[in-house]
Amino acid sequence: MNKLTPLSLAILATMMASPAIAKEPISVIEPVKITEPEKVELGKMLFFEPRLSASGFISCNSCHNLSMGGVDALPTSIGHNWQEGPINSPTVLNAEYNLAQFWDGRAKDLQEQAAGPIANPGEMAHTHSVAVETINSIPEYQQRFAAIYGKDSVNLENLTDAIAEFEKTLVTPNSPFDQYLKGDKKAISEQAKNGYQLFKDRGCTSCHNGPAVGGTMYMKMGLVKPFHTNNPSEGRIAVTGQEHDRMVFKVPTLRNIELTYPYFHDGATWTLEEAVNTMSDIQLGQALNEQETADMVAFLKSLTGEQPQIVLPILPPSNANTPKPVPFGK
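Residues numbered from 1 in each chain as written. Predicted model: local features only at pLDDT ≥ 70, side-chain atom pairs only at ≥ 80, totals over all residues. Heavy atoms only, no water.

Draft legend 1. Summary view of a nonpolar patch on the surface. A grouping of L74, I78 and W82 is seen on the molecular surface, where their side chains present a nonpolar patch of about 330 Å² in accessible area. Looking at the element boundaries, I78 is found in the loop between helix 3 (60-63) and helix 4 (110-119). The exposure class assigned to I78 is partly exposed, which follows from its relative accessible area of 37%. (Patch = residues over 30% accessible without salt bridge, like charges linked within 9 Å, V, L, I, M, F, W, Y side chains within 5 Å. Areas by Shrake-Rupley, 256 points an atom, 1.4 Å probe, with all protein chains shown as cover. Salt bridge = Lys/Arg side-chain N within 4 Å of Asp/Glu carboxyl O. Helix = DSSP H or I, 4+ residues; strand = E, 2+ residues; numbered from the N terminus. Buried < 20%, exposed > 50% of the residue type's maximum accessible area, 1.4 Å probe, protein only.)

This is the structure in structure tokens:
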């Protein structure tokens, strides 16, 4: 019999160990590897840059607050002139794992998403041209763009590319559940283990799977029973025009779900207990008892990972050539 080499033994051990993770519907969130730090830093500055809005007050972080799980903790967001937004702000954390961006998937990726709110009259209410003019008027930004993209490179494409590169770093690894998946069976409580088993047994993983525990597909909200809401948003039908897409939304990530209340696209549900019971009812046609609800919530809380440790950027000052903000205008 041939003897196994150390390399062969290592490969065999990996093959024997990997099915334990591979068979699970949820996979581990891996720490980010930054390969373009200068671009990421520029993107961070622009993410916190309120001068991308007409008011000079609203930034990306206003609705995707990195101190609060990447959301604003409001039912719907506040836009220009205190306008009430039409839909709940989804978390920016782990957003790179989504098949598309926005609840209705109208943006194909993070870069396309970054451009939308800037010119939306109900959000940042700028025009793309004035937003670019504003950034281009500031010498430090000109220098940073030139170092990364080349001379005279302050434009919408590069601006949104930088924001997207920063947002790709906003992952939340090393949650207790990730440690559990990696083999530390004491990383989560017995109650959370029971909740995870229930999560699988009831069929929740048919939609909530992958590293982000969601974000990989679209699904009708109210699959078995109607979802009652006063929110006017109707999902994918706004993108496709197809009747079968009415009330079909991107399945949200469940990573850090205990931080990203209120829940659902209408932001009308404030507790995980209520959210769990609502989904079990309208999506699965099943009722949970009090213990099952508590178990499920314990599992969901184990999905909270390490939050991005962000050092706030010091933004360069405006000058005489910078377009002035209009905080109280129409």
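Draft legend 2. Structural view of the packing of helix 4 against helix 7 (residues 156-167). Across the interface, helix 4 lies against helix 7 with an axial gap of 8 Å and an inter-helix angle of 115°. Handedness of the crossing formed by helix 4 with helix 7: right-handed. Residues L110, Q111, Q113, A114, A115 and I118 of helix 4 form the contact with helix 7, whose participating residues are L156, E157, L159, T160, D161, I163, A164 and E167. Tallied by class, the residues present in the contact of helix 4 with helix 7 amount to eight nonpolar, three polar and three charged. (Axes fitted to C-alpha atoms, helices over the stretch in contact; angles between N-to-C directions. Left-handed = near helix turned anticlockwise from the far one by under 90°. Contact = heavy atoms within 4.5 Å. Nonpolar A, V, L, I, M, F, W, Y, C, P; charged D, E, K, R; others polar.)

Draft legend 3. Quick peek at unusual backbone geometry. In this structure, P262 follows Y261 across a cis peptide bond, with omega equal to -10°. In this fold, P262 is placed in the loop between strand 2 (248-250) and helix 11 (272-284). One non-glycine residue with positive phi stands out, namely W82, at about 60°. Mapped onto the secondary structure, W82 falls in the loop between helix 3 and helix 4. Phi is positive for F102, which is not a glycine, with a value near 75°. Structurally, F102 can be placed in the loop between helix 3 and helix 4.

Draft legend 4. Local environment of the pattern of salt bridges. Under the definition given, this model contains 14 salt bridges. Residues D104 and R106 are paired through a salt bridge, measuring 3.1 Å at the closest nitrogen-oxygen approach. We classify D104 as buried; its relative accessible area is 11%. A single network of salt bridges, built from pairs that share partners, joins E36, K39 and D161.

Draft legend 5. Local environment of the nonpolar core. Counting residues in hydrophobic clusters, the biggest one holds 32 residues, and the most contacted among them are I26, F177, F199, M296, F299 and L300. In terms of residues, this core owes the most to one element, helix 12 (residues 290-301), which gives five residues. (Core = buried A, V, L, I, M, F, W, Y, C linked by side-chain atoms within 4.5 Å.)

Draft legend 6. Structural context of the packing of helix 2 (residues 37-47) against helix 7. Following both chains from N to C, one finds helix 2 and helix 7 inclined at 100°, their axes separated by 7 Å at the closest point. Considering the angle they form, helix 2 stands roughly perpendicular to helix 7. Contacts between helix 2 and helix 7 involve K39, V40, L42, G43, K44, L46 and F47 from the former and L159, D161, A162, I163, E165, F166 and E167 from the latter. A breakdown of the residues in the contact of helix 2 with helix 7 according to their chemical character gives eight nonpolar, one polar and five charged. (Parallel < 35°, antiparallel > 145°, perpendicular 65-115°, else oblique.)

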